[in-house]
Amino acid sequence: MILNKIKNGSHLNIYKLVEYGLLEVYSELIHSKDIKTLELVFEGIKNIILCGEKYFSKEGVNLFLVRLEELNGVRSLDKLFYSRNEEVHERYLIKFCTY
């Protein structure tokens, strides 16, 4: 249901979810070993970052990405790039190859 709001909801819906702590939840779920969970987390974070780029940037700075960095979420995502689990690495590349 939350992923549907992030995928299909308005930028205001996404803003509210971020305001209520969704990035904090995703930052914790990044450490999951479950591939399906990670795929949902990747999809959600990607959509939040895209929304932030389009609607919530200040002086060219994506405020949602700044928040994710504050939570060490970007560092955790970077670690997944080097994951020995090939499936995790592949799914990471599919979602974040442009970032």
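My aim in this report is to walk through the structure given alongside it, one point at a time. (Residues numbered from 1 in each chain as written. Predicted model: local features only at pLDDT ≥ 70, side-chain atom pairs only at ≥ 80, totals over all residues. Heavy atoms only, no water.)

## Digging into the overall build of the protein chain
Right, so step 1: Each helix and strand in the protein chain was counted, giving seven helices and two strands.
Right, so step 2: Reading the protein chain from its N end, one meets helices and strands in the order α-α-α-α-β-β-α-α-α.
Right, so step 3: Its C-alpha atoms give the protein chain a radius of gyration of 13 Å, near enough to 13 Å, the size a compact globule of 99 residues would have.
Right, so step 4: C-alpha extents for the protein chain along the principal axes are approximately 35 × 30 × 20 Å.
Right, so step 5: Relative to its 99 residues, the protein chain shows a buried fraction of 35%.
Right, so step 6: Residue pairs in contact within the protein chain that sit at least 24 positions apart in sequence constitute 54% of those at least 6 positions apart.
Right, so step 7: Accessible area for the protein chain stands at about 6,600 Å²; split by element, carbon and sulfur atoms hold 53% of it.
Right, so step 8: The protein chain carries 14 positive and 14 negative side-chain charges, and their two centres are separated by 3 Å. (Helix = DSSP H or I, 4+ residues; strand = E, 2+ residues; numbered from the N terminus. Rg over C-alpha atoms; globule rule 2.2 N^0.38 Å. Buried < 20%, exposed > 50% of the residue type's maximum accessible area, 1.4 Å probe, protein only. Contact = heavy atoms within 4.5 Å. Areas by Shrake-Rupley, 256 points an atom, 1.4 Å probe, with all protein chains shown as cover. Lys, Arg positive; Asp, Glu negative; His and termini not counted. Charge placed at Lys NZ, Arg CZ, Asp CG, Glu CD.)

## Observations regarding the environment of D78
Right, so step 1: Its place among the elements puts D78 in helix α6 (residues 73–81).
Right, so step 2: Taking the relative accessible area as the measure of exposure, D78 reaches 40% and is therefore partly exposed.
Right, so step 3: With 70 residues separating them along the chain, D78 and N8 place their C-alpha atoms 27 Å apart.

## A look at the nonpolar core
If you look at soluble globular proteins, the nonpolar side chains tend to sit buried side by side.
Right, so step 1: The biggest cluster of nonpolar side chains holds 24 residues, and the ones touching the most others in it are I45, I48, L77 and L80.
Right, so step 2: Those elements that place two or more of their residues in this core are α2 (11–19), α3 (22–29), α4 (35–55), α5 (63–70), α6 and α7 (86–96).
Right, so step 3: With eight residues, the single largest contributor to this core is α4.
Right, so step 4: The residues contacting L80, other than those within four sequence positions of it, are I30, L38, F42, V88, H89 and Y92. (Core = buried A, V, L, I, M, F, W, Y, C linked by side-chain atoms within 4.5 Å.)

## Examining the packing of α4 against α5
Angle between the axes and distance between the axes are the two parameters that describe a pair of packed helices.
Right, so step 1: Two elements in contact, α4 and α5, have axes whose closest approach is 7 Å; the angle formed by their N-to-C orientations is 135°. Looking at the two axes, α4 sits oblique to α5. Packed against α4, whose contacting residues are I45, I48, I49, C51 and G52, the element α5 presents F64, L65 and L68 at the interface.
Right, so step 2: Of the residues assigned to the contact of α4 with α5, the class counts are seven nonpolar, one polar and no charged. (Axes fitted to C-alpha atoms, helices over the stretch in contact; angles between N-to-C directions. Parallel < 35°, antiparallel > 145°, perpendicular 65-115°, else oblique. Nonpolar A, V, L, I, M, F, W, Y, C, P; charged D, E, K, R; others polar.)

Remember that the coordinates give geometry; whether it matters functionally is a separate question.
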